[in-house]
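Structural overview for review
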Amino acid sequence: MESNYRILVADDEQGIRDLLSDLLKDYFDVDTVDRGDTVLDRLKKVGHEILILDLRLPGMSGLDVLKRIYEDKMKVAVVVITASNDIETAITSMKLGAYDYLVKPFDTDKLMVVLKNIVEKLELENEVSQLREQLGEGFRFKNIIGKSPGMQKIFSTLEKVIDTDSTVLIIGESGTGKEIIAKAVHYNSNRKQYPFRSIDCSTIPQDLIGSELFGHEKGAFTGAISRKIGKFEIASRGTLFLDEISNLSIDMQAKLLRVLQEKEFERIGGNQLIKVNTRIVTASNRDLREMVRENRFREDLYYRLNVVPVYLPPLKDRREDIPLFIDHFLEKYNGEFGREVNLDLKARLYLTNYSWPGNVRQLENVIKRLILLSTQKTVSLEDVTSVLEFEEIGMAAKKREVTAPPVANPRPQVSEGVKTIEEIEKEHLERMLRHFNYNISTTARALDISRKTMHNKLKKYNIVIKRTAAMEENAGTAGGEADHQPGH
Amino acid sequence: MKSDEAARVIESLIRNLSHELKNPLTTIKGYAQLLALKSGDPASVEKSHRMIQDQVDRIDRMLQDLYAAFAPRKPVSAGFDAAETLRELLSSFPEGVRAAAGHIPDTCPAAGDRGALVEIVNLIVRGFDWGGLSGAGCTLGMSEPGGRAVIDICFEGVDMPEISEPEFYLPFALKKYYLKGTEPYEAFFIALACGWDITPLKTDGDPRKGFRIWL
C-alpha cells in the first residue's frame, strides 16, 4: 500500500504520535499535532486526505474537531482513536462522518486495514472525479463541433443562461445531436458535479414512465418488489434530460407540470413529499406548438419548458461543420478499429454536399462503415457512393415501412434498364460477401444488420455461398461459422 | 459516603485509570508489532526497544504517583507564617509559571506542616500545564473567612470547567489541565493528612476557577 496521501495524526500522547509516524511513514506523508485547536488550521493549510484523531485532546476535543469538519464539509477521511469504550461516543463519531473508530490499545494490523480501505475509497473517488471531468470536457462548448453561425448562436444563447435553473427546450430533427446539447447544458453549468440523467419518452411504455421519472415504493403496484428511486430524485441538484417529450401522455404531462411548479413530488405508492432541485432540459423533433393547437400537448407545460428554446439546424443547413465532423469521426473510428483510412478530395466534397437526411448520426454511420469496409488507406468517391446507396435503400425501406400501407403485390413494374431497390440490395450484398471472403458474421457486422437478417436476405435473394478450403479451415477455428445454403 | 456515590466514584476512578493506561499500552503494543515488521532495520529495532522501555517506565511512574498520595507521613505541627510562605513560594516558581500575587496580608500565623503546604501549592501551581495552556495565568491570595486562614489559587484565561469536589480525589479527572493528572489528587490527600481541606473556589459566576486551601 504505497500512496501519495497525507495523514495528520492528532494525539496529545507523544508515544502514539511517534508510533503512528514510524508505522505509516513508509506509505504516507505523515504529519502530527498534539492539540485539538490546531487540527483544523493544519488540515486547511496542508489539505491532508486522512486524519487520525484522538478524542481527548487539549484545546478542542476530538468530537468538536469532528463536528467542525462535518459542518464545514471538509474532505478528509477521519479515523477516530480513543481509549474510551463508550458506545455512544462511537455512534456520535460515526454520525459525524468518521470513517472508522478504533479503541486503544488497537492492533496496528487493524489500523492498516482501515487505512488500506480508505486509500481504495480515495482512489475510486479520484477515478470517478477524473472520469467525470473527462466526460464533462467532451461536452464543453469549445469541444462541441459547430463553427457554423447557427451553432455559434446556440452556444452563445446557452452560455447566457447556463448557470440559471431555466428549462431548455431543444427542437431538432432526428440525429442532429439534441442529447449532446443537453449534456453540454449540464457539463458547462454549476451543476456539473451532480448527476445527469436522461429518459427517452418515446421508448418507455407510458405505464412505466411515471415510475422511471418519480420512482415507486415497494408494493406500489404488481411487480414493485422493492423501492425504486426515480430519475427526478437521482438527478436532484443535477440535470434531467427528457428526450422526445412530445410522446408524454396528457396525464404524465400534468404530473410533470406539477413537479416543475412545486419542486416536489411523491414516489408512486408513497406519501412522503420529496423535494428536488432538478434542472429540466427537454427535446423534441416535433413541433410542440402545433401539438398545443391540436390539444395534444398542454399549453402551460409548453411555456414552462420553452423558457430557453434552442433550434438545432439540420446538418445540410450547416455545411461548414461537415468537414469537421468527417475528420472527427475518421479519427474516432480509425482509433477504434486500429485503421488509418482517409478520404480523397472527391469523396470529401461529395460527403460535404450530400443532403444528410439522417443528419450527424447518419454521417457518423457512413464514416464508420467506410472505415470498416475499406481495403485501402484512401476511400474513393466510388466507395462513398456505394455506401450511401446502401444507406438510401435502408432509409427508403424504413420510410416505406412508416408511411406506406402494405400492398398485395409489392414488386412494382419498372422500366427496362432501371434497377429496383431489391436488385441494388442483392448486388451490394454479393459485393460485400466477396469483400469479406463470404464470412456471414463479418459481413453482417459491417452492414450493421444481425446474422438472422443476413440469413433472411440470403434466402430471399437466393444467394448461395459455397465453402472453400480456407473457409472450412476458418469454420473449424471460428467455432462453426455456418455457411448459407438456401432452403436450409 | 453513600454506597451509590461510592460506586460512582470507583467507576470514575477505574475509567480514568483505564484511559490513562491505554495510551502507553497502545504504544507498547504498536512498537512490539513494529519490531516484528522491521526486525531487519537496526535503527527501528533500537527505537522500538527504547519506546517500549519508556512506556513501561511511564506506567510504573503513574502507579508510583497514585501510591504517593498515600505515602506514610508524619506531619510536623509547628507555628509558621502562611503569608510569608506564600510570598516565598511566589518568588520560587520557575519561568513559564504565570503566577501573580493577589491580596496577601503582612503576616498570617498558622499551625501545621509548612513543608506540606509548600508541597500542596507546588503540586497545584507547578503541575499545571503551563506550556500547553498558553493563555492561562493564576493568582495566589489569602483571606480569613470566618476566622480560618485560606489560600486561594485562582486560574484565569483558560476554559476550565467548574471544578467539583470529587475531581480532587479522582486521579486524572483534571488531566486536561495537569501534566501528570495526579497533582490535585495528591495535594488533596496530603492536605487531608495534615488536617487541612481543599475545596473548589466559589466563583459565583466569576469565569475564574480554582482551589481553596483551608488551613
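Structural data are supplied above this passage.
Residues numbered from 1 in each chain as written. Chains lettered and ligands numbered in written order. Predicted model: local features only at pLDDT ≥ 70, side-chain atom pairs only at ≥ 80, totals over all residues. Heavy atoms only, no water.

Time to look at the sheet that holds strand S2 (residues 99–101) of chain B. All names here are of chain B. Pairing is mixed in the open sheet, where 5 strands are placed in the order S2-S4-S5-S7-S6. On the outer flanks of this sheet lie S2 and strand S6 (197–200), each paired with one strand and no other. Adjacent strand axes in the sheet meet at a mean angle of 20°, parallel and antiparallel pairs treated alike. Examined bridge by bridge, strand S5 (residues 150–156) and strand S7 (residues 209–214) share 6 bridges and lie antiparallel to one another. Its bridge partner lying in S7, Phe 155 is registered against Lys 209. Along the sheet face, helix H3 (residues 82–92) touches S2, strand S4 (137–143) and S5 and points at about 165° away from the line of S4. (Pairing = 2+ DSSP bridges. Helix = DSSP H or I, 4+ residues; strand = E, 2+ residues; numbered from the N terminus. Axes fitted to C-alpha atoms, helices over the stretch in contact; angles between N-to-C directions. Contact = heavy atoms within 4.5 Å.)

Let's shift gears to unusual backbone geometry. Residues and elements named next belong to chain A. In this structure, Pro 105 follows Lys 104 across a cis peptide bond, with omega equal to -5°. Relative to the helices and strands, Pro 105 is located in the loop between strand S5 (100–103) and helix H5 (108–138). Notably, Arg 237 is not glycine yet its phi reads approximately 75°, a positive angle. On the accessibility criterion, Arg 237 (48% relative accessible area) is partly exposed. (Buried < 20%, exposed > 50% of the residue type's maximum accessible area, 1.4 Å probe, protein only.)

Residues and elements named next belong to chain A. Its 13 residues give helix H10 (residues 250–262) an end-to-end C-alpha distance of 18 Å, which sits within 8% of 18 Å, the value for a rise of 1.5 Å per residue. Along H10, the residues classified as buried are Met 252, Gln 253, Leu 256, Leu 257, Val 259 and Leu 260. All buried residues of H10 lie within an arc of 160° about the axis, which places them on one face of the element. Check the buried side of H10 and you find it contacts helix H8 (206–214), helix H9 (231–234), strand S10 (239–243), strand S11 (264–266), strand S13 (279–284) and helix H12 (299–305). Looking one or two residues past H10, Lys 263 carries a phi angle of roughly 55°, positive in sign. (Expected span 1.5 Å × (residues − 1). Arc of directions from axis to C-beta.)

Okay, the sheet that holds strand S6 (residues 168–172) of chain A next. All names here are of chain A. Taken together, 5 strands build an open sheet; the order of strands is S7-S10-S13-S6-S14 and the sheet is parallel. A strand with exactly one partner marks an edge of an open sheet, and here the two such strands are strand S7 (196–200) and strand S14 (308–312). On average, each strand axis in the sheet is tilted by 15° relative to the strand beside it, whichever way the strands run. Note: S10 against S13, 4 bridges, orientation parallel.

What follows covers the interface of chain B and chain A. Listed by partner, the interface residues are 21 residues for chain B and 23 residues for chain A. Of the roughly 2,000 Å² buried between chain B and chain A, counting both surfaces, carbon and sulfur atoms make up 50%. Counting the surface chain B buries against chain A, the share from its top three residues, B:His19, B:Lys22 and B:Thr26, is 28%. In this structure, the connection of chain B to chain A is made through 3 salt bridges. Between B:Arg58 and A:Glu13 there is a salt bridge, with its nearest N and O atoms 2.4 Å apart. Between chain B and chain A we count 12 residue pairs in polar contact (both at pLDDT 80 or more) in total. Secondary-structure elements contributing two or more residues to the side of chain B that touches chain A are helix H1 (3–37) and helix H2 (42–68) of chain B. At 13 residues, the largest contribution of residues to the side of chain B that touches chain A is made by H1(B). (Buried area = accessible area lost by both parts, 1.4 Å probe. Salt bridge = Lys/Arg side-chain N within 4 Å of Asp/Glu carboxyl O. Polar contact = N/O pair within 3.5 Å; in protein donor to acceptor, adjacent residues only side chain to side chain.)

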